[in-house]
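Observations on the three-dimensional arrangement
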Amino acid sequence: MKVYQGKSVYHGIAIGKIRILKKEKRNVVRSHVEDVEAEIRRKAAAVDESMQQLKQLYDKALQEVGESGAAIFDVHQMMLEDQDYQESIENMIRTQEVNAEYAVAVTSDNFAAMFEQMDDDYMKARAADVRDISERLISVLLEEKQDLDSKDDKEIVVAEDLSPSETVQMDKSRVQAFVTRFGSSNSHTAILARTMNIPALIGVDYTEDMDGKLAVVDGFQGIVIADPDEATLAGYRKKEAEEAEKRELLQTLKGKESVTKSGREIRLYANIGGISDLQAVMQNDAAGIGLFRSEFLYLEKSDYPTEDEQFQVYKSVAETMAGKKVIIRTLDIGADKQIGYFDLKKEENPAMGFRAIRICLKRPEIFKTQLRALYRASNYGNIAIMFPMIISVTEIRKIKEIVEEVKKELKEQGIPFKEVELGVMIETPAAVMVSEELAEEVDFFSIGTNDLTQYTLAIDRQNGELDEFYDSHHPAVLRMIRMVIENAHKKGIWAGICGELGADLTLTDTFLDMGIDELSVSPSCVLSIRKKIREHA
Ligand code: PEP
Ligand code: MG
């Protein structure tokens with residue numbers, strides 16, 4: 001028995017036979033060609049064939065993991081047809097009179113190196129994609145057969161890293177877990193594992209001798225146990241069965257209403273950070289999005305996302321949710337979420353510093369761009385907007401003035417938009433204390449318990465050493481939640497929770513007794529909360 005430690009990017013228990021995916025290190029040989037035009041035609045035919053393969057992979061992925069998981073193969077088609085990429089290959093064939101495989105391999109290295117040097121994480125990640133499409137092209141040119149389907153029944157796929165085309169070509173019914181040496185929490189493998197609902201670990205320093213061995217992947221502890229002893233295996237088999245049973249049971253709740261025994265319907269929504277989370281929202285049957293952390297859109301970029309870029313994302317989320325409520329929170333950066341291009345000054349006390357709505361009010365051009373994008377997208381679904389880190393009525397009045405300016409401009413420009421609900425995130429004690437007044441200004445409240453706990457207990461949520469003091473069950477926090485709900489109802493608006501506490505099953509009954517109207521949680525928590533709601537008297 002040997003235990004390998006890694007980092008879990010998705011939870012769960014899996015038991016299966018390890019298959020280490022070895023990428024054949026292909027040696028592309030340089031050879032001289034006489035007829036360069038014939039070689040270019042051979043390359044063109046291989047590009048056509050590769051495009052066909054990518055289209056098929058797109059369709060396969062669409063069926064298996066949905067639109068967001070399939071999108072990468074659209075990107076690959078675009079990259080394969082990219083003029084600069086194609087010209088570089090042709091140019092090399094013509095001027096150096098070399099075979100197409102060699103020209104593709106060199107172009108691949110050059111383009112990948114260029115992407116890797118870019119000062120932008122998104123572009124850096126494209127290096128893997130350019131290698132992926134080039135490998136495909138070379139493989140077609142060499143008339144190789146691809147065989148990524150597994151032979152054994154239940155298997156744990158172990159690899160250095162997994163490219164999207166490798167993962168999509170696998171027979172998913174057999175794959176029980178992904179384990180890689182490299183990759184990140186946001187890698188394609190992690191996203192896919194989340195969508196397939198199987199455990200995935202990254203950063204595992206595995207050894208070749210585990211190939212073919214029976215193993216357990218524990219996605220809760222982030223470990224792989226190769227060759228487990230009898231007792232360990234028996235323990236995990238039991239755990240695996242319990243997990244499966246829990247999942248099965250929860251699946252029966254899909255399509256059911258989130259209604260208490262007394263008939264009170266609760267809005268059970270999901271929290272997302274971007275489009276890639278939508279698949280999980282659908283699979284877990286959330287009734288809407290209760291918190292879209294829009295700052296991720298800014299964090300992914302190396303410069304301010306334009307109005308149009310933002311509009312496309314918001315529109316796509318609104319359309320995908322097809323009329324269900326989509327609550328988008330305006331930019332919440334500062335504190336733990338720093339972005340270089342915002343050029344924010346270093347602060348002594350960032351959690352209490354220049355963050356969230358404070359930045360938006362001081363730099364209205366950034367705020368207005370986002371609001372314009374949001375209002376434009378409102379025409380394509382059921383969008384609501386909420387504002388983070390509010391401490392006063394003055395702030396919300398100022399925000400509403402800016403919103404009115406944006407709407408006026410759009411109207412004058414003949415750009416269509418719908419009226420949207422506006423809400424306040426209640427995540428400071430000040431907002432709690434003035435919640436009765438705030439309720440007169442907006443349509444809903446969403447309680448951000450992560451920050452509310454931090455500011456109420458005066459404990460930096462980022463400081464792991466204070467974890468034992470960070471008690472979100474503290475009576476002060478719970479009383480504040482009660483007060484917010486009461487004040488909301490007094491003024492006829494609804495109140496929800498979008499912080500992590502909303503998913504705490506030990507508090508669901510308490511929140512329901514307090515009269516909570518909405519709970520917005522991670523997609524994977526939706527069904528267990530639904531169960532709890534349906535059991536509530
Ligand atoms: C919160 O503070 O509870 C919240 C939902 O916002 P974030 O965690 O993004 O600060
Ligand atoms: Mg917050």
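Since we're looking at a predicted model, the values are computed, not measured. Each chain has its residues counted from 1, running along the sequence as written. Going through the entries in the order they are written, you letter the chains from A and number the ligands from 1. Confidence filtering applies because this is a predicted model: local features only for residues at pLDDT of at least 70, side-chain atom pairs given and counted only at 80 or more, and all residues used for totals across whole chains, interfaces and linings. For side-chain calculations, the full set of non-hydrogen atoms in the structure is used, while hydrogens and water are omitted.

We now examine the pattern of salt bridges. Any carboxyl oxygen of Asp or Glu that lies within 4 Å of a side-chain nitrogen of Lys or Arg is treated as forming a salt bridge with it. On inspection of all chains with the given rule, the structure shows 37 salt bridges. The partner of D332 in a salt bridge is R355, and the shortest N-O contact between them spans 3.2 Å. Linking D332 in the loop between β11 (325–329) and α11 (357–362) with R355 in the loop between β11 and α11, this pair joins segments that are 23 residues apart in sequence. In this structure R355 comes out as buried when scored by relative accessible area, which is 3%. In this structure, K398 engages E401 in a salt bridge whose closest nitrogen and oxygen atoms are separated by 3.7 Å. With K398 and E401 both in helix α13 (residues 393–412) and three residues apart, this pair spans about one turn of that helix. The classification of residues rests on relative accessible area computed with a 1.4 Å probe and restricted to protein chains. Under 20% of the type maximum is buried, over 50% is exposed, and intermediate values are partly exposed. Of the residues examined, K398 reaches a relative accessible area of 37% and is grouped as partly exposed. Numbered from the N terminus, helices here are DSSP runs of H or I no shorter than four residues, and strands are runs of E no shorter than two.

As a rule, N, O and S atoms within 2.8 Å of a metal are its donors, except that Na, K and Ca use 3.2 Å; water is not among the atoms, so sites may look incomplete. Protein-derived coordination of the magnesium ion (ligand 2) comes from E427 (OE) and D451 (OD), at a distance range of 2.0 to 2.2 Å. Separated by 24 residues along the polypeptide, E427 in the loop between β13 (421–426) and α14 (429–433) and D451 in helix α16 (residues 449–457) bring together distant segments of the chain. The exposure class of E427 is buried, given its relative accessible area of 2%. By relative accessible area, D451 is classed as buried at 3%.

A common way to express how large an interface is: the accessible area buried when the components associate. Annotation comment: domain bounds sourced from an automatic or database domain assignment. You can read the domains of the chain as domain 1 (2–21 + 148–232), domain 2 (36–141) and domain 3 (256–535). Residue contacts are defined here by distance: any two heavy atoms, one from each residue, within 4.5 Å place the two residues in contact. Counting residues at the interface gives seven residues for domain 2, matched by five residues for domain 3. Throughout, buried area stands for the accessible area (probe radius 1.4 Å) lost by two parts on being put together, summed over both. Summing the contributions of domain 2 and of domain 3, the shared interface buries around 370 Å²; its carbon and sulfur component is 41%. In this assembly, domain 2 and domain 3 are joined by zero salt bridges. Within 3.5 Å is the distance limit for a polar contact, defined as a pair of N or O atoms, with the added protein rule that one can donate a hydrogen and the other accept it, and that residues adjacent in sequence qualify only through two side-chain atoms. Linking domain 2 to domain 3 there are zero residue pairs in polar contact (both at pLDDT 80 or more).

Attention now moves to the site of ligand 1. Any residue with a heavy atom lying within 4 Å of a molecule or strand is counted as near it. Taken together, 14 residues lie around ligand 1, and R293, R329, G448, N450 and R461 are the ones closest in. In the environment of ligand 1, an oxygen atom lies 3.0 Å from a nitrogen or oxygen atom belonging to the side chain of E427. Residue G448 places a main-chain N or O atom 3.3 Å away from an oxygen atom belonging to ligand 1. Using a 1.4 Å probe, accessible areas were evaluated by the Shrake-Rupley method; residue-level cover was limited to the displayed protein chains. Calculation on ligand 1 without its partners gives an accessible area of 290 Å², and the protein chains cover 98% of this total. For the shell around ligand 1, the secondary structure elements donating two or more residues are β10 (288–293) and α16.

Let's shift gears to the sheet that holds β13. One bridge is not enough; two strands pair if DSSP finds at least two bridges between them. One closed barrel holds the eight strands; their spatial order is β9-β10-β11-β12-β13-β14-β15-β16, and the pairing between them is parallel. In this sheet, neighbouring strand axes are inclined to one another by 25° on average, regardless of whether the strands run parallel or antiparallel. Lines fitted to C-alpha atoms define the axes, with helix axes restricted to the stretch in contact, and inter-axis angles between N-to-C directions lie between 0 and 180 degrees. On top of the sheet, helix α12 (residues 364–377) reaches β11, β12 (382–387) and β13; it is set at about 155° to β12, its chief contact.

Looking at the element boundaries, E101 is found in helix α3 (residues 100–116). A C-alpha to C-alpha distance of 9.3 Å links E101 and S31, two positions 70 residues apart in sequence. Apart from residues lying up to four places away in sequence, E101 is in contact with V28, E39, R42, I138, L141 and L142. Of note is the side chain of E101, whose polar atom sits 2.6 Å from the side chain of R42.

On the secondary structure map, Q169 appears in helix α5 (residues 164–169). Q169 sits 55 residues away from V224 along the chain, and the two C-alpha atoms are 24 Å apart.

The next subject is the packing of helix α10 (residues 307–320) against α12. Each pair of packed helices can be summarised by the angle the axes make with each other and by the distance between the axes. Interaxial distance between α10 and α12 falls to 8 Å at its minimum, and their mutual angle equals 35°. When the axes of α10 and α12 are compared, the crossing they make is right-handed. Packed against α10, whose contacting residues are E307, D308, Q310, F311, Y314, K315 and A318, the element α12 presents T369, Q370, R372, A373, L374, R376 and A377 at the interface. Each residue belonging to the contact of α10 with α12 can be placed in one class, and the counts come to six nonpolar, three polar and five charged. For any helix crossing, the convention is left-handed if the near helix is rotated counterclockwise from the far helix by under a right angle, and right-handed if that rotation is clockwise. Residue polarity is assigned by list, with Asp, Glu, Lys and Arg as charged and Ala, Val, Leu, Ile, Met, Phe, Trp, Tyr, Cys and Pro as nonpolar; anything else, Gly included, falls into the polar class.

A separate point is the packing of aromatic side chains. Pairs were defined over the aromatic rings of Phe, Tyr and Trp, the Trp ring being its six-membered one, requiring ring centres within 6.5 Å. Orientation was assigned from the angle between planes: stacked under 30 degrees, edge-to-face over 60, tilted for the rest. The tally for this structure, following the rule as stated, stands at ten aromatic pairs. Plain terms: the ring middles of Y85 and F111 are 5.7 Å apart, the flat faces sit at 85° to each other, and that makes the pair edge-to-face. Taken together, the residues span a long stretch of sequence, with Y85 in helix α2 (residues 83–96) and F111 in helix α3 at a distance of 26 residues. Judged by centre distance (4.9 Å) and plane angle (65°), the ring pair of Y304 and F342 falls under edge-to-face. One end of the pair, Y304, is in the loop between α9 (295–299) and α10; the other, F342, is in the loop between β11 and α11, and 38 residues separate them in sequence.

On to unusual backbone geometry. Positioned with a positive phi, D285 is a non-glycine residue whose angle comes to about 60°. By the element assignment, D285 lies in the loop between α8 (278–283) and β10. The phi torsion at A322 lies on the positive side, around 45°, for a residue other than glycine. Within the element layout of this structure, A322 appears in the loop between α10 and β11.

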